[in-house]
Every structure is written in C-alpha cells, then in structure tokens.
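# Summary of structural features
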Protein chains: 2
Amino acid sequence: LDYQHVQVPFEITLWIMLASLAKIGFHLYNKLPSVVPESCLLIFVGLIMGGIIYGLNDRSPPVMDSDIFFLYLLPPIVLDAGYFMPSRPFFENIGTILLYAVVGTIWNVFGIGFSLYGICQVKAFRLQDVSLLHNLLFGSLIAAVDPVAVLAVFEEIHVNEKLHILVFGESLLNDAVTVVLYKLFRSFCEMPTIKSTDVFAGVGKFFVVGLGGVLVGLSFGFTAAFTTRFTKDIRVIEPLFVFLYSYLSYLTAEMFHLSGIVAIISCAMGMKRYVEANISLKSHTTVKYFMKMWSSVSDTLIFIFLGVSTIGENHEWNWPYICFTVIFCLIWRALGVLVLTFFVNRFHVNTITSKDQFIIAYGGLRGAICFSLVFLLPDFHRKKLFIAATTVVILFTVFIQGMTIRPLVDLLAVKRKRESAPTVGEQIHIRFLDHLLAGIEDISGHWGQYYWKDKLEYFNSKYLQKILLREYDQPKSSIVLLYEKLERKHAMELAQAGQLGHGPAPPSFLSSDRTVITDQKLEDTLNPAVLDNIQEILARNLYRIRRTGPAYNRHTLPGDSEPTEQAKELLILRHKSL
Amino acid sequence: LDYQHVQVPFEITLWIMLASLAKIGFHLYNKLPSVVPESCLLIFVGLIMGGIIYGLNDRSPPVMDSDIFFLYLLPPIVLDAGYFMPSRPFFENIGTILLYAVVGTIWNVFGIGFSLYGICQVKAFRLQDVSLLHNLLFGSLIAAVDPVAVLAVFEEIHVNEKLHILVFGESLLNDAVTVVLYKLFRSFCEMPTIKSTDVFAGVGKFFVVGLGGVLVGLSFGFTAAFTTRFTKDIRVIEPLFVFLYSYLSYLTAEMFHLSGIVAIISCAMGMKRYVEANISLKSHTTVKYFMKMWSSVSDTLIFIFLGVSTIGENHEWNWPYICFTVIFCLIWRALGVLVLTFFVNRFHVNTITSKDQFIIAYGGLRGAICFSLVFLLPDFHRKKLFIAATTVVILFTVFIQGMTIRPLVDLLAVKRKRESAPTVGEQIHIRFLDHLLAGIEDISGHWGQYYWKDKLEYFNSKYLQKILLREYDQPKSSIVLLYEKLERKHAMELAQAGQLGHGPAPPSFLSSDRTVITDQKLEDTLNPAVLDNIQEILARNLYRIRRTGPAYNRHTLPGDSEPTEQAKELLILRHKSL
C-alpha cells in the first residue's frame, strides 16, 4: 500500500465525491430542501464530520485554508455568477448597487468598528485591550455581505429581479471595498504611527482596486473572445479558453492586489456575447454545463469546510463581544439600507418599497469570505475571539436568517419573480422604448443611461464585433433568436415522437408529449399554449421578413446602408440642441 | 506585486494556455498538420522553449515531474481512450492483443536487456560497469509501447480498425507487464542476493496486477453507474461522477501497486453503457466534450514537456550504447511481431497480413511513459546514460517513425478504415450472425467467443441493467438508435431552415442545406443520399414495429414472456449435446 504517493489527488477527489454525494442525498427526499436551505444542510454535514474528526483524533480538525478558498474555490462560483448575470437589470441598477456596495460597506465597517470599540470600553466586559484599530479591522472583515451565501439562499426564494440584483450585485462589488479596507487596517495595525497621507492614499486605492479589476477583466475577456475566432478547426478546446482566460484575469488581479472578484465578473460579462457567437453549440453547452457544475461543487465544498472548520479549539468565548457583534451587524446594516434607500428613492421614479428594503437588510448574509479573512489575520492575542465572533455571525446569518427569509418573503408578500418570460409583444415594446428614450435623451442633450447604452451598442456593432467575431453577420434580434429556439425545440419533439416528415403531426399528441424535451428553462417559464401561439405568429410573419431583409436594428435600418451618415446626422442634431 | 501567492495556479494555467495556443497555431495553417504529426510539432515547441529557458537561466530547465505525469497528465488520456474504445473489435481481438501485450513485451524486455548486456561486454565501448540487471531494468522501461504516442500518430493515419486496435490495445494493456517487470528489476537491483522464490513471486504478480486492475476498475465503474441512477434532480453534477469515479479507480489501483491504466480502462468501459442511459443528453455531451478536451490538453502538455525536458545536462553520451539501443528496439520488436503473428495466424481464419505486421512493428512508438520511468530510477552512476538513450529512442520513434508511417501506409496500400458506417443491412446481418453463431456454439458444446458474449449479454439484461439503470426499459436495438439519431438530425435541419410544420419541405432545399448541421461524425461517414434512403426505409417499417412490440432481441422474443423458460430450454439442449 502506497498511500503517500497518491494522497493529494486522492483526498481532493474524495472530498469532491463526498460533496456530490451529499447533494444527491438531500435531493432524494424532496421535502428537506424546500424547508431548509442547502447551505444550512451542508454546514450541518460539515459540523458532523468535524465532530467525528475531532472525536477520533482528539485535536482540532484542519481549518479551511484561506489560499485554497481564494485561489480555487471562490473563482468558479464568481465566474458562474458573472457569466449568467442578467445584464439588463444589473446595468439599470448599477448606481444603486454601487451606492450600497461602496458607501454601504464603508458605513457598516465604521459603524460596527466604532460601536464595538464602545463596548470594549465597558470595564465589566474585560475587553479593554482591544484597540480601536483592531475593532475597525474586525469591522472591515465582518461587514461584507458574502456572494456565495447570498446566492445559495436567494436562488431558492425567487424574489423579483430587481431585489435579487440589488442584494447580489452589492455582495459581488463590495469585494473591492473590503479588500482595500481590510488591507489598509491590517497595515495600519503593523505601523508604529499613522500619517494622514496614508489615510488619503487608502481612499485613492478604492478607485485603483475597483477600476483596475474592471480593466484587467475586460482585457482578458476581449482577448478570450478574440482567441475563439481562431478555434474553428479544433472545436474541442474551445470551452477551455473561457475558463483559462477568466481564471487568469482573477489571478492577475489578485497578483496586483486588485479585486479579483470584480475582474473575473468583468471578464465573464465582457466575453460572453462574443464567445457565444464564435464557439459551436456543443462547446457552448459544455461551457454552461461545466460552469454550473463547477460552481455547484465549489459551493458545496465551501459550506462543508465551513462546518468542519467551526469545530475545534480555535475559539475564545466572550459573551458580550460576540452578542454585540451580531446585534451591531444587524442594526448597522438595517440603518445603512434605510438611509441609502432614502437618497436613492429621491432620485428615482421606480422606488424601492419598504418591504424590499427589509429583505435587502435581512438578506445581508455573511459567509466563507469573512471566515477566510479572519484566519488570514496576523497573530495577535485576541485573534481567537475574532474567529469565534465571525463564526457565530456566519452561523447566525446562514441558519437563522437563511431559514426564516423564505417564510418572511411569503408573509410580507414581497413581489416575486414573474413566472413567465416576457411575451414577444413586451419584448418589442421594451426595445422600442429603449430606442425612443435614447433618441429623446440625445435630442434633449441629457446624456443619461439610454444614451450611453445606445452609444455602447453602436461602438460594439461598429468596431468590437468586427474584431472579435469570426463570422461578422447582421446581429440577430432577440425575437429571431427566440423563434429559432422554439423551432429547434419543436423539431426535437417531432423527432422524439417519430412524426417528422411523415404526414402532419396530430396536435393533441404533440402537446401531450411536450414535457419530454430537454430545454428546461423555456419549459419552466412558458406554458405550451403560449409557446404554440408565439411560434405560430412568428412563423407566419417574422422569419420571412428576416430572410428577405436584415433584422430590425436601429443602426442598420433597411434603407440605411451607410451607418456613418446616420452618425453624422445625430452629431448635427446634438450640436443644435446644445 | 505578489507573485508568490498565485504562482502555482498561475503557472499551471499559463502552461495549459500555451499548449492550447500552440494547438490553435498549428491548425491555422492547414498544410502543416497534414505533413508533420502534431506530436512532433509539440515536441519541437518544447525543445525551443527548453532552449530559451536554458539560455536565459544557464541551467537545465525543469524536468517533467514523474508524479505530475502519472497522477495528472496520463489519466485523462487513458480515460478518453477507454471511454471511446470501440468495444467490438477490442473484444474480438482480445486474445491477440493480450499475446502482443504480455508475451510480446516480455520478449522485448529480455531481448533488449540481454543483447545490450552483450554490447556492454565489448571492451572498446567502456560499458563494462553496466550489469545485466541494470540492462534488464533499462529493457523493461524502454520496451513498452506508449499509448499516448501511438494514439497521437494513429488517430491521424486512419488505418483499418483491426490494425488500429491491435497496436493501440497492446500499448494500453502492456502497462501491467511494464509495471511488474520494472518494479521487479528495480527491487532486484536493491537486493543483495536474489532468490528463486522472488522470481516466481514476480511471475505471480502479473496476474495480480492485471486482474486486480480490472477488478478495481469494474467495481468503480459499476458504482458510478449505480450513482447516476439517483441524479435525476440534480442533472448538473452528473458529468462529475464519470470523472470522479474513473480517477478514483486509477488512484486506488496505483495505491495498491496495481495497473492504473488497466483499472481506468475497465472502469470506463464498464460504466459507459449504463451511465449513458442514465444521464441527460446535455450531461452526456458535456462528458464527451470535456473528456476529449482534457485528453487533448494533457496530450499537448506531455509532448511539450517532453521537448523541454530533453534540453539540459541530464545526459551522458555514449555512441555505441545509444545506437545499439535504437537498433535493438527495432529488431526485437520486428522479430517479436513476426513470431507471435505466426502463431496467431495458425489459429485464426482472419489472418494478419504481412503488411499489417510491418505496420504493427513500425508503429511501436515510445513516449512519455518511458521518459517518466527512467527519471524515477534510483540514483546510480549510469542513470544519465539511460536518460540519454531513452530520450534518443523516444525522439527517433516519434520523429522518424511518426513522420514516415503515413507515407509508408500510403505506399504499402495498407487497408484503410472504411469511410462509411456499416449500412443498416450489414448491421442486421452482423447481429443475426452473432446470434446464430452463439446458438451453434451452444449446441455444439464449444464455449467460444460468441457463446460467452451471449451469456454476458443475458446476464447484463437480466441483472445488471435492473440494478444500474434508472428507467429499465426494453433495450433499444442499435438500429432503432440509429433511426432516432437520423430523425433528430433531420428535425434540427428543418428547424434551421425554418421549414418545420409549415408545409412539406422541398427536398432540394433540404439536401443543399445538409452541411449546416452539427452531428459531425454521421456527416463524415454517410453521404446524404444514403442517409435519406436509410431514413425512408426505417421510417416506413421499423419505428412502427417498435411502437407496437418490443425490439427484436434474442432474450425477449415477442411470444416469450418468461426468459427463464428459455434458459431452461437451452440448458436441456446443452446437456443433451454433452
């Protein structure tokens, strides 16, 4: 027996296997996952395993390594999140998200830090040796909402899209702030004296870390898109590039102390539309499938490790400090959301309701990022207290808040995600309004959201697509794509039923067999009758139009062969309006 | 800049990226890969990179780590090979393959070892300090044909299926022999005296290592199939199990000093048919795609590393030893093939022609396995000589033999792989003959190949399928599956053309558009006219038969509801014949 030789890959494989089997186990009993979120169950499995290891070895089980977490477990989840990010609601609410992520996180860090310092001044609690700086450092790691925990819970409760993107977007983008504040306070802790220039340099770093991450991500994303232009003869390694470039963007950002999370998200969002157009259908299925699979495994491992790491003797228990940490985390977040939303609502027509505000505040779950950061702290005499407090906050938010948020959403009747995809009529109207608003903004000289979106779209179709796409074609409108998807689905059904081309298919038979087919998402969101209807209309009108002329697009009007002329015209109009 | 922190994943990602980009680069110029095999190009890239590293650092570039090779790079390639192994030709020729793999390898080991020892006795060569045992050890590592190198070359030259499986099967299965002989001689080298019992124990080990590998592989394979029964609710982690269990089988076999290659091949071949039936179509695409991708990357990395490792100061040059090694490798292999084929041909009707024999002998390429084994040798004063000789043999076989084998195949007019898939008529006849021969063997009491195949099929449909398949259904005959595939393809074409369900499709349009569609393999092997014809016939006759009664299967005759009765009947017949 030569265990030493295969130990590393063997144990990694076994851990992944355990995680996958645990996942299967939960889903065998359908009732369990509908009551308790999977993250709680996984932490519970971890706790049991940690207990077993502790009992057998009589020493603390190994703690989740921060390097493993940040280098191997976190990137797949963030990549998945970025790649499947609904870009429309994200960019529509980017202002609000940034406000929550930047101002909100700073608010929480200082709020929690200073109020915990206040608690430390009470003599009865015996905490007077914890300095203000240490409290602020602790605040900086405990304040950040965790994307992994948020995703795990919010994916199951199906709140409306705007609410989801507000909480989830915040949890992703606050990484830049957390990185800066955490590193700032950590270096302050090690400095003998702090000059005011250091503080100003820290503030400047926000922009460097965040925007640098975006820059690194986008450059890798576009390189990835450009690379997939040349993979026509070796389809089989296409999916690899999506993963390699995203991972490189993350690692590069981390190497330069930029925000890796922001980088990988920018990379994924930047490359998605070009890569999808360049690679084959099968490659695309593989990319999507593997991304989901990988993030699902990472996610599972993180929660199990979190449970395992909780057991042991790494903790120093101090009731007041721990209880007040939990309380302050709740209070400051609630206050922050209230104040920030007040300002947001003043400048927006589509306001955030008080119910939504409650869910935003309540959905501020903490997770494995805090946990990894607290273990990365330099050794000092109160580190174990911080570890204990962090563990309690994580378990409290994941278990108590995570398990009660679904009933609360039901109770408050928070607006849910709409069950069906937007109809074709709606899609056309949204598109029409976008163009209309862009035009109005253009004429009125107000360079708002729609104006920039339109400019970006123009830049994209004029330059980026030509460089990054292999077969630069008329961009297909989403309606045509929907139609093609429906047609493909219909064809597969006919094939399955063995009715293809041998006389017309009896409609009753078809609709009864509709459940067979693979495309799960469409299945979930549209019912058969609606589908049939859409398909009918599209088949009659749209497809033939597209085959005779190009699809409707603002920049390629049928009669308008020179897009530059149109651009000139716009320029003249704007100059006049100014 | 914090490079230390991300070094390991960063460098791994960069190496993979380099390998993928090199692959893209070769395929940009279509002429290059058709003349020079990819493996040669990759070694060349490696040589250049090694030269650059050597020039810059002024010390030998890092050598490919044997652990990395055996634990991470080899398994994906072997898994891919096992999973896509054509099982029919493999099992039809299993006797010949085993003869080549076991007897042939032993023949080569001792032939090369003893004749090199003879060379060492020549005083002028100054090699008298190399003992017989060391020569045999060297013979054991240089004798084995390398599956990675063989696959890389034979995939491009498209020889007939039997020839391919003979060379490739040998290269896979000789692993058990190589492992045993290599470890045996290595331990002999370290022993002060060798007893005769040790030699006998060594012979016994062959069976343990080989059959143990098969056993480990099959048990993991069946566990994998059983696990995928329960993944219906979490489709997304299905592909994972295929990879995890295969890898575990490899690691477990390696841990117990069994043959990992044999284990992973048994695992892949054992699980394939059950897993495919259990998992969803998209999961299956992902599995296939990812396996191909992974093995392709591993393959690329191995050849690049091989090139890089060649550069440096690890070599001791001795002209006679190195030249005679190359010559003996060629001679003993040629002799071995001639002698073994002589025996094989006496017992088979379907003989191996002399052209085929030449290609089998000439296709005995050496590769990275030899290279890793020679670096794993314990340190002794002539190790560098062995490394040099191994490197030369590998480069000679991969470059000279690899580049000339394609012209030779053309020149000799070796029978090629048939261009088209077997027609439906052929398939039906093959099937019919199988059953007929099984029946004849049964009645005549000669328990040959067909008899056992039939028994295995019976055992499979009676027990294994019930345990391992989620939805145990009538087994679909391959003809029905072909029909379904054609129908699916046809449907996709109709959808693409926008002709579905809106009036009958004009046939001219269809056939002109046929090239659009995705299923590459069918596309390559069948021409449109044949396809149309098959589909027409099947649509008229076969599908409806299947829908009214079960598909034809020897064990489930339409009128025969009790398979046990049939078994009894057979038993009586056989007893009578005996």
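Residues numbered from 1 in each chain as written. Chains lettered and ligands numbered in written order. Predicted model: local features only at pLDDT ≥ 70, side-chain atom pairs only at ≥ 80, totals over all residues. Heavy atoms only, no water.

## As for the overall build of chain A
- Broken down by element type, chain A carries 24 helices and 0 strands.
- In chain A, which comprises 578 residues, the share counted as buried stands at 52%.
- In chain A, 81% of the contacts between residues at least 6 apart in sequence involve partners at least 24 apart.
- Accessible surface for chain A amounts to roughly 26700 Å². Of this, 66% is attributable to carbon and sulfur atoms. (Helix = DSSP H or I, 4+ residues; strand = E, 2+ residues; numbered from the N terminus. Buried < 20%, exposed > 50% of the residue type's maximum accessible area, 1.4 Å probe, protein only. Contact = heavy atoms within 4.5 Å. Areas by Shrake-Rupley, 256 points an atom, 1.4 Å probe, with all protein chains shown as cover.)

## Description of the pattern of salt bridges
- Per the counting criterion, the structure on display carries 24 salt bridges over all chains.
- For Arg382 of chain B, the salt bridge identified is with Asp129 of chain B, shortest N-O distance 3.1 Å. With Arg382 of chain B in the loop between helix 16 (368–375) and helix 17 (383–412) and Asp129 of chain B in the loop between helix 6 (94–120) and helix 7 (132–142), the pair connects residues that are 253 residues apart, well separated along the chain.
- Between Lys383 of chain B and Asp379 of chain B there is a salt bridge whose closest N-O contact spans 3.7 Å.
- With relative accessibility at 73%, the residue Asp379 of chain B sits in the exposed group.
- Salt bridges sharing common partners tie together Arg88, Glu92, Asp434 and Lys453 of chain A. (Salt bridge = Lys/Arg side-chain N within 4 Å of Asp/Glu carboxyl O.)

## Re the side chain of Ser372 of chain A
- Position of Ser372 of chain A relative to the elements: it lies in helix 16 (residues 368–375).
- Discounting residues that sit within four places of it in the chain, Ser372 of chain A has contacts with Met64, Ser66, Phe69 and Phe70 of chain A.

## With respect to empty space enclosed by the protein
Residues and elements named next belong to chain B.
- On inspection of all chains with the given rule, the structure shows 9 cavities of 30 Å³ or more.
- Size it by volume and the largest cavity reaches roughly 60 Å³.
- Contributing to the lining of the largest cavity are Val326, Cys329, Leu330, Arg333, Ala361, Gly364, Arg366, Val393, Phe396, Thr397 and Gln401.
- Taken together, the elements giving at least two residues each to the lining of the largest cavity come down to helix 14 (319–346) and helix 17.
- Residue composition of the lining of the largest cavity, by class: 6 nonpolar, 3 polar and 2 charged. (1 Å grid on protein atoms, 1.4 Å probe; cavity = no way out; pocket = protein on both sides within 12 Å on 5 of 7 lines; lining within 4 Å. Points joined across faces, edges and corners; volume = space filled by probe spheres on them. Nonpolar A, V, L, I, M, F, W, Y, C, P; charged D, E, K, R; others polar.)

## As for the environment of Gly213 of chain A
All names here are of chain A.
- Here Gly213 shows up in helix 10 (residues 196–227).
- Residue class for Gly213 comes out buried when judged on its relative accessible area of 0%.
- Spatially, the C-alpha atoms of Gly213 and Ala253 are 6.0 Å apart, while their sequence positions differ by 40 residues.
- The contacts of Gly213, once residues within four sequence positions are left out, are Val208, Leu258, Ser259, Val262, Ala263 and Ser266.

## Some words on the interface of chain B and chain A
- On the chain A side, the residues contacting the 74 residues of chain B number 75 residues.
- Each partner contributes to the roughly 6800 Å² buried at the junction of chain B and chain A, and carbon and sulfur atoms together form 76% of this total.
- On the surface where chain B and chain A come into contact, there are 0 salt bridges.
- Viewed at the interface, chain A and chain B are joined by 8 residue pairs in polar contact (both at pLDDT 80 or more).
- Secondary-structure elements contributing two or more residues to the side of chain B that touches chain A are helix 1 (3–28), helix 4 (66–83), helix 11 (238–255), helix 13 (281–310), helix 20 (478–497) and helix 23 (528–548) of chain B.
- Ranked by residues supplied to the side of chain B that touches chain A, first place goes to helix 1 of chain B with 16 residues.
- Partitioning the side of chain B that touches chain A into residue classes produces 44 nonpolar, 18 polar and 12 charged. (Buried area = accessible area lost by both parts, 1.4 Å probe. Polar contact = N/O pair within 3.5 Å; in protein donor to acceptor, adjacent residues only side chain to side chain.)

## Here's the deal with helix 18 (residues 424–444) of chain B
Residue and element names in this part refer to chain B.
- End to end, helix 18 covers 30 Å across 21 residues, agreeing with the expected 30 Å (1.5 Å per residue, within 8%).
- Within helix 18 the residues assigned to the buried category are Val424, Asp434, Ala438, Gly439, Glu441 and Asp442.
- Two residues or fewer past helix 18, Gly445 is found with a positive phi of approximately 75°. (Expected span 1.5 Å × (residues − 1).)

## A word on the relation of the copies chain B and chain A
- Between chain B and chain A, which share one sequence, the superposing operator has a rotation angle of 180° and an axial displacement of 0.0 Å; the RMSD is 0.1 Å. Such values leave the two copies arranged in the relation of a two-fold axis.
- Taken as a fraction of all interface residues of chain B, those also at the interface in chain A reach 99%, which identifies the copy contact as same-surface. (Least-squares fit on C-alpha atoms with pLDDT ≥ 70 in both.)

## Examining the packing of helix 8 (residues 147–157) of chain A against helix 9 (residues 161–190) of chain A
All names here are of chain A.
- Helix 9 packs onto helix 8 with a crossing angle of 160° between their chain directions and a minimal axis gap of 8 Å. On the basis of their axis angle, the class for helix 8 and helix 9 is roughly antiparallel. Relative to helix 9, helix 8 is oriented so that their crossing is left-handed. Along its contact with helix 8, which presents Pro147, Val150, Leu151 and Phe154, the element helix 9 presents His164, Val167, Phe168, Ser171 and Leu172.
- Partitioning the contact of helix 8 with helix 9 into residue classes produces 7 nonpolar, 2 polar and no charged. (Axes fitted to C-alpha atoms, helices over the stretch in contact; angles between N-to-C directions. Parallel < 35°, antiparallel > 145°, perpendicular 65-115°, else oblique. Left-handed = near helix turned anticlockwise from the far one by under 90°.)

## As for the packing of helix 4 (residues 66–83) of chain A against helix 1 of chain B
- The geometry of helix 4 of chain A relative to helix 1 of chain B is characterised by a closest axis approach of 11 Å and an angle of 45° between their N-to-C directions. One element, helix 4 of chain A, and the other, helix 1 of chain B, form an angle in the oblique class. Remark: the crossing between helix 4 of chain A and helix 1 of chain B carries right-handed chirality. Seen from helix 4 of chain A, the contacting residues are Asp67, Leu71 and Tyr72 of chain A; seen from helix 1 of chain B, they are His5, Val6, Val8 and Pro9 of chain B.
- Across the contact of helix 4 of chain A with helix 1 of chain B, the residue classes tally to 5 nonpolar, 1 polar and 1 charged.

## Here's the deal with the packing of aromatic side chains
Residues and elements named next belong to chain B.
- On inspection of all chains with the given rule, the structure shows 55 aromatic pairs over all chains.
- Here the aromatic rings of Phe138 and Tyr321 are separated by 5.9 Å at their centres, their planes lie at 45°, and the arrangement is tilted. In this pair, Phe138 sits in helix 7 while Tyr321 sits in helix 14, placing the two residues 183 residues apart along the sequence.
- A relative accessible area of 0% means that Phe138 is categorised as buried.
- Look at Tyr321 and you get buried, because its relative accessible area is 0%. (Phe/Tyr/Trp six-rings, centres within 6.5 Å; stacked < 30°, edge-to-face > 60°.)

## A few points about the side chain of Ser140 of chain A
Residue and element names in this part refer to chain A.
- Structurally, Ser140 is set in helix 7 (residues 132–142).
- Since its relative accessible area comes to 1%, Ser140 is described here as buried.
- A polar atom in the side chain of Ser140 sits 2.7 Å from the backbone oxygen of Leu137.
- Non-local contacts of Ser140, meaning those with residues more than four positions away in its chain, are made with Val109, Thr178, Leu181, Tyr182 and Phe185.

## Considerations on the domain arrangement of chain A
Residues and elements named next belong to chain A.
- Taken domain by domain, chain A holds domain 1 (38–412) and domain 2 (428–474).
- For the pair domain 1 and domain 2, the interface holds 2 salt bridges.
- For Glu457, the salt bridge identified is with Arg273, shortest N-O distance 3.3 Å.
- At the surface where domain 1 touches domain 2, the tally comes to 6 residue pairs in polar contact (both at pLDDT 80 or more).
- When contributions to the side of domain 1 that touches domain 2 are tallied by element, the ones reaching two or more residues are helix 5 (87–92), helix 10 and helix 12 (260–278).
- At 4 residues, the largest contribution of residues to the side of domain 1 that touches domain 2 is made by helix 12.
- Looking at the side of domain 1 that touches domain 2 residue by residue, the class counts come to 5 nonpolar, 3 polar and 7 charged. (Domains from an automatic or database assignment.)

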